[in-house]
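# Structure assessment
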Amino acid sequence: MNELYKSILQEIESDLKNAPEAKRQCLQYICDTLKEKIEDYDWVGFYLVSEKIPELLELGPFNGAPTDHTEIPFGKGVCGQVASKKKTMIIQDVRQEENYLACSIDVKSEIVVPIIKEGKFVGEIDIDSHKKSPFGEDDETFLQEIGKILIKEDCI
Ligand code: SME
């Protein structure tokens, strides 16, 4: 993983342990930190599995332009596909993806990484970029690590 991502992971782990405010606002803190520190991350947010309605994702904390997609059924769009398959999806050019829910015309690419807690899918991290093809394996590993930290620190 690249040095920037490694240093962000260290900083996040340390803040969640030592800064009560970061811990309390955990998911929002992650959105704000990633959006601020990573140039190509233009929208950073969480979709969480609904506790009331089966097979539905609900928009959680995010940083970036507001989206109409505050609820997404499993299977629908990139987020819904990740919820169904429980596997990361990287869309380097959103125009090539048929099952896609557009949030803004500025968005060119997207990565969505599932968060699995004790074997159960609980939500996902969703990143949009205004650039085409900015995402690589590093991003998947990095975002999986973020998910692991959130589980370890009992944030999700
Ligand atoms: N593009 C997503 C919808 C969520 S927005 O990116 C915030 C999708 O296709 O599921």
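See the structure printed just above.
In what follows, the accompanying structure is described. Since the structure is predicted, the reported quantities are computational estimates derived from the model, not experimental observations.

As a further point, take the environment of Leu150. By secondary structure assignment, the location of Leu150 is in helix H5 (residues 137-152). The class for Leu150 is buried, based on a relative accessible area of 0%. Along the chain, Leu150 and Ile53 lie 97 residues apart, while their C-alpha atoms are 23 Å from each other. If we skip the residues at most four places from it in the chain, Leu150 touches Cys26, Leu27, Ile30, Phe46, Cys155 and Ile156.

The subject of this paragraph is the packing of aromatic side chains. If you walk through the whole model with that rule in mind, you get six aromatic pairs. For the ring pair Trp43 and Phe62, a centre distance of 5.6 Å and an interplane angle of 15° mean the geometry is stacked. Highlighted residues: Trp43 in strand S1 (residues 43-49) and Phe62 in strand S2 (residues 56-63), separated in sequence by 19 residues. Residue classification places Phe62 among the partly exposed positions, given a relative accessible area of 27%.

As a structural note, the neighbourhood of the ligand is formed by Trp43, Tyr47, Gly77, Val78, Cys79, Tyr100, Leu101, Cys103, Glu110, Asp126 and Asp128. In the environment of the ligand, a nitrogen atom lies 2.8 Å from a nitrogen or oxygen atom belonging to the side chain of Glu110. A distance of 2.9 Å separates an oxygen atom of the ligand from a polar side-chain atom of Asp128. About the coverage of the ligand: the protein hides 100% of its 300 Å² of free accessible area.

A separate point is the state of the cysteines. Each disulfide is one covalent bond, formed between the sulfur atoms of two cysteines. On inspection of all chains with the given rule, the structure shows one disulfide. The cysteine Cys79 is free of any disulfide, with Cys103 supplying the nearest cysteine sulfur at 7.5 Å. Judged by its relative accessible area of 5%, Cys79 is buried. By relative accessible area, Cys103 is classed as partly exposed at 34%.

Cut-offs used in this document
Residues numbered from 1 in each chain as written. Predicted model: local features only at pLDDT ≥ 70, side-chain atom pairs only at ≥ 80, totals over all residues. Heavy atoms only, no water. Helix = DSSP H or I, 4+ residues; strand = E, 2+ residues; numbered from the N terminus. Buried < 20%, exposed > 50% of the residue type's maximum accessible area, 1.4 Å probe, protein only. Contact = heavy atoms within 4.5 Å. Phe/Tyr/Trp six-rings, centres within 6.5 Å; stacked < 30°, edge-to-face > 60°. Near = heavy atom within 4 Å. Polar contact = N/O pair within 3.5 Å; in protein donor to acceptor, adjacent residues only side chain to side chain. Areas by Shrake-Rupley, 256 points an atom, 1.4 Å probe, with all protein chains shown as cover. Disulfide = S-S within 2.5 Å.

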